[in-house]
Amino acid sequence: MEISLRQTQVMEILLAFVVVGLLSSKGAESRNRRVLDSFEYSAISCRTHSASITDFGGVGDGITSNTKAFQSAINSLSQYASDGGAQLFVPEGKWLTGSFNLTSHFTLYLHKDAVLLASQDVSEWSVINPLPSYGRGRDAVGGRYISLIFGTNLTDVVITGANGTIDGQGALWWQKFHGKKLKYTRPYLIEILHSDLVQISNLTLVNSPSWNVHPVYSSNVLVQGVTIIAPITSPNTDGINPDSCSNVKIEDCYIISGDDCVAVKSGWDEYGIAYGMPTKGLIIRRLTCISPYSAVIALGSEMSGGIQDVRAEDIVAIHTESGVRIKTAVGRGGYVKDIYVKGMTMKTMKWAFWMTGNYGSHADTHYDPKALPVIKGINYRDMVAENVTMAGRLEGISGDPFTGICISNVTIALAPKPKKVQWLCTDVEGVTSGVVPQPCALLPEKSAESPDGMTSCAFPTDTLPVDNMEFKKCSYKRNYIL
Ligand SMILES: *[C@@H]1O[C@H](CO)[C@@H](O)[C@H](O)[C@H]1NC(C)=O
Ligand SMILES: *[C@@H]1O[C@H](CO)[C@@H](O)[C@H](O)[C@H]1NC(C)=O
Ligand SMILES: *[C@@H]1O[C@H](CO)[C@@H](O)[C@H](O)[C@H]1NC(C)=O
Ligand SMILES: *[C@@H]1O[C@H](CO)[C@@H](O)[C@H](O)[C@H]1NC(C)=O
Ligand SMILES: *[C@@H]1O[C@H](CO)[C@@H](O)[C@H](O)[C@H]1NC(C)=O
Ligand SMILES: *[C@@H]1O[C@H](CO)[C@@H](O)[C@H](O)[C@H]1NC(C)=O
């Protein structure tokens, strides 16, 4: 039977009504529904081409593996890199997948009820070389399992969503780690190497096997509106680790984890010294951290390429071991300098301030014992802390003191059972002003300069280039069959 043009038109009109009807009856259950997906979001670049993971055979049932669907979607969409770029939409559902690689001028967007579930099949994780600035994997000598979402040598890549979820299902890996059964270093959730213009925003990352977000050897990196959740006892589940990166901004993030909420790094011992790539120009704003066994912001311990110009403000810590912590050791070389922190509220802390010059933890025995780290220009101001066991434990390196420490306008209220000595200072030099309880003799009160009798430690007023990166209003519009 032939269908006339008229009949086809009628059917199209009917179909349009069905779509409108489905959209207006939210949550209506039906099979094979046709859905119009249309939304807006903010990103550093918008894309000309769009696709959904379902166009590439993706199945969001939590059981079917989508590794091939993701990789073929991204391989196919990479053809648009020089033609306005492409965005890949992941609708609501549970999308089991192994690792996949990103491409340039590309956006991965997760619906608010989309969950990427990391595969539990170890054979789905290829093994890649250790980072040259580390010389080995952190869990085991040699290679590392590739991260769930991996990208290298890219320009302009966005991973975002309406707070969609990436679930690393890390328990399997934590058990392997504790049982010393790892042949290679555990995978991270997101790792981006050698890339420029990277946005990671409005996502929830849960139960990573190890670190969550690891930009390395990259520049112009924005991490914004990311929630990271892992059990507080899970091993090495660091939140965000900018590593040998320049021009990085971390804003409006909320992190509960088993390790440092933000860990700033730049390579390990002789490997990091040889690679020589610092982390420089890092802004951290409005970070909330819960990490009872680790730091809010750690600088190191791998800092052999240097860390310079870190600006952190409006930080909240709840039940965290220490605030900003410097971790280093003889043999690391490198430097940590020009660090500025202002506006920090801390509740229930073991140490408000902690610097560790004997962190140890070497890549191997070939480190240079003459490679001494330079730690100088560390500025902390405008902080209030409650329920603190010990105000400060500042331990530099004998013969290599940490210098230029400045702490001002800080009030620390002690826990019911505090340490008797509130400040333990060795091999450090600096000044303080308006700090309660009274700091150690190595950090004497500086004479008042300002009218209110308080000397402020520096906080830069100039703008870093990363603050000039702007968001555009992007949109996605597509029909698809669910
Ligand atoms: C993140 O989400 C918030 C609130 O939903 C929105 O205002 C903001 O533009 C989003 N930002 C990015 C970078 O995706
Ligand atoms: C992803 O990139 C890594 C590193 O370049 C490579 O080893 C791996 O084979 C790639 N994976 C796929 C599926 O192409
Ligand atoms: C990626 O970039 C780095 C640094 O520029 C370079 O050494 C490396 O060869 C590049 N890798 C690929 C696969 O292009
Ligand atoms: C995103 O989801 C997480 C986990 O459900 C939640 O804690 C957080 O408040 C959400 N963020 C936003 C901005 O809705
Ligand atoms: C104070 O800190 C201790 C741990 O040192 C904790 O057990 C207690 O609940 C905290 N009290 C308050 C009021 O947060
Ligand atoms: C001292 O720090 C508090 C925040 O803890 C801030 O509100 C106040 O303005 C600061 N005072 C000066 C003189 O900077």
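Residues numbered from 1 in each chain as written. Chains lettered and ligands numbered in written order. Predicted model: local features only at pLDDT ≥ 70, side-chain atom pairs only at ≥ 80, totals over all residues. Heavy atoms only, no water.

Caption draft 1: Representation of the overall build of the protein in the model. Check the secondary structure of the protein and you find four helices and 26 strands. Judged by the C-alpha coordinates and their principal axes, the protein covers about 95 × 50 × 45 Å. The buried share of the protein, reckoned over its 482 residues, is 55%. Considering only residue pairs separated by 6 or more positions, the protein has 79% of its internal contacts joining residues 24 or more positions apart. As displayed, the protein has an accessible area near 19,800 Å², and 53% of this comes from carbon and sulfur atoms. The protein carries 42 positive and 45 negative side-chain charges, and their two centres are separated by 4 Å. (Helix = DSSP H or I, 4+ residues; strand = E, 2+ residues; numbered from the N terminus. Buried < 20%, exposed > 50% of the residue type's maximum accessible area, 1.4 Å probe, protein only. Contact = heavy atoms within 4.5 Å. Areas by Shrake-Rupley, 256 points an atom, 1.4 Å probe, with all protein chains shown as cover. Lys, Arg positive; Asp, Glu negative; His and termini not counted. Charge placed at Lys NZ, Arg CZ, Asp CG, Glu CD.)

Caption draft 2: Layout of the pairing of strand S17 (residues 246-256). Counting buried positions along S17 yields eight of eleven residues, so the element is predominantly enclosed. Pairing analysis gives eight bridges linking strand S16 (residues 219-229) to S17, with the strands arranged parallel. Considered in S17, the bridge of isoleucine 228 is made with isoleucine 255. When S17 meets strand S19 (residues 279-299), the two strands line up parallel, connected through nine bridges. (Pairing = 2+ DSSP bridges.)

Caption draft 3: Quick look at the packing of aromatic side chains. Summed over all chains, the structure comprises 18 aromatic pairs. Ring geometry for phenylalanine 353 against tyrosine 380: centres 5.2 Å apart, planes inclined by 20°, an arrangement best described as stacked. Note that phenylalanine 353 is positioned in strand S21 (residues 335-356) and tyrosine 380 in strand S22 (residues 374-395), a separation of 27 residues in sequence. No difference in accessibility class separates phenylalanine 353 from tyrosine 380, as the two residues are buried. Here a set of aromatic residues connected by ring pairs shows up, and it is made of Phe39, Tyr41, Phe89, Tyr109 and Tyr476. Residue placement shows lysine 337 over the ring face of tyrosine 335; its charged tip is 4.4 Å from the ring centre. One residue, lysine 342, lies across the ring of phenylalanine 459, its end atom 4.6 Å from the ring centre. (Phe/Tyr/Trp six-rings, centres within 6.5 Å; stacked < 30°, edge-to-face > 60°. Lys NZ or Arg CZ within 6 Å of the ring centre and 35° of its normal.)

Caption draft 4: Here's a closer look at unusual backbone geometry. Residue serine 301 follows glycine 300 across a cis peptide bond; omega there is 5°. For serine 301, the location among the structural elements is in the loop between S19 and strand S20 (307-327). The step from valine 436 to proline 437 runs through a cis peptide bond, and the omega angle for that step is 0°. Here proline 437 is to be found in the loop between strand S25 (428-436) and strand S26 (472-481). Within the chain, asparagine 202 stands out as a residue other than glycine whose phi angle is a positive 45°. Within the secondary structure layout, asparagine 202 lies in strand S14 (residues 196-206). A relative accessible area of 40% means that asparagine 202 is categorised as partly exposed.

Caption draft 5: View of the sheet that holds strand S15 (residues 213-216). The four strands lie next to each other as S5-S10-S13-S15, forming an open sheet whose pairing is parallel. A single partner strand is all that each edge strand has here, and the edge strands are strand S5 (100-101) and S15. By the bridge criterion, two bridges tie S5 to strand S10 (residues 149-152) in an arrangement that is parallel. For asparagine 101, the partnering residue across the bridge sits in S10 and is phenylalanine 150.

Caption draft 6: Structural context of the pattern of salt bridges. Going through the model one piece at a time under the given rule, you end up with 20 salt bridges. The residue arginine 285 makes a salt bridge to glutamate 251 at a minimum N-O spacing of 2.7 Å. Here arginine 285, found in strand S19, pairs with glutamate 251, found in strand S17; they are 34 residues apart in sequence, far enough to count as distant. Judged by relative accessible area, glutamate 251 falls into the buried class, the value being 7%. Of the charged contacts in the structure, one is a salt bridge between aspartate 462 and arginine 311, with a shortest N-O distance of 3.1 Å. (Salt bridge = Lys/Arg side-chain N within 4 Å of Asp/Glu carboxyl O.)

Caption draft 7: Structural context of helix H2 (residues 67-77). For H2, every residue scored as buried is listed here: Thr67, Ala69, Phe70, Ala73, Ile74 and Leu77. Looking at the buried positions of H2, the neighbouring elements they touch are strand S2 (49-52), strand S3 (86-90), strand S4 (93-97), S5, strand S6 (106-110) and strand S7 (114-118).

Caption draft 8: Quick look at the state of the cysteines. Following the criterion strictly, the structure yields four disulfides and no others. Disulfide pairing is shown between cysteine 46 and cysteine 474; the S-S distance is 2.1 Å. Here the S-S torsion is close to -85°, and the disulfide linking cysteine 46 with cysteine 474 is therefore left-handed. With a gap of 428 residues between them, cysteine 46 in the loop between strand S1 (34-43) and S2 and cysteine 474 in strand S26 connect regions that are remote in the sequence. Residue cysteine 474 is classed as buried on the basis of its relative accessible area, which comes to 2%. Look at the protein and number its bonded cysteines as they come in the sequence; the links are 1-8, 2-3, 4-7, 5-6. (Disulfide = S-S within 2.5 Å.)

Caption draft 9: Geometry of the confidence of the model for the protein. In the predicted model, the protein carries a mean pLDDT of 92, and the fraction of residues at 70 or more is 91%. The low-confidence segment residues 1-29, where pLDDT is below 50, has ten contacts with residues more than four positions distant or belonging to other chains. (pLDDT = per-residue confidence, 0-100.)

Caption draft 10: How the structure looks around the environment of phenylalanine 106. By the secondary structure assignment, phenylalanine 106 is in strand S6. Each C-alpha atom, one on phenylalanine 106 and one on leucine 154, is 9.4 Å from the other, the two residues being 48 residues apart in sequence. Among residues more than four places away in sequence, those in contact with phenylalanine 106 are Arg47, Ile74, Leu77, Ala86, Leu88, Asp156, Val157 and Val158.

Caption draft 11: Representation of the side chain of serine 52 in the model. Mapping serine 52 onto the fold places it in strand S2. In contact with serine 52, other than residues within four places in its own chain, are Leu88, Phe89, Pro91, Tyr476 and Arg478.

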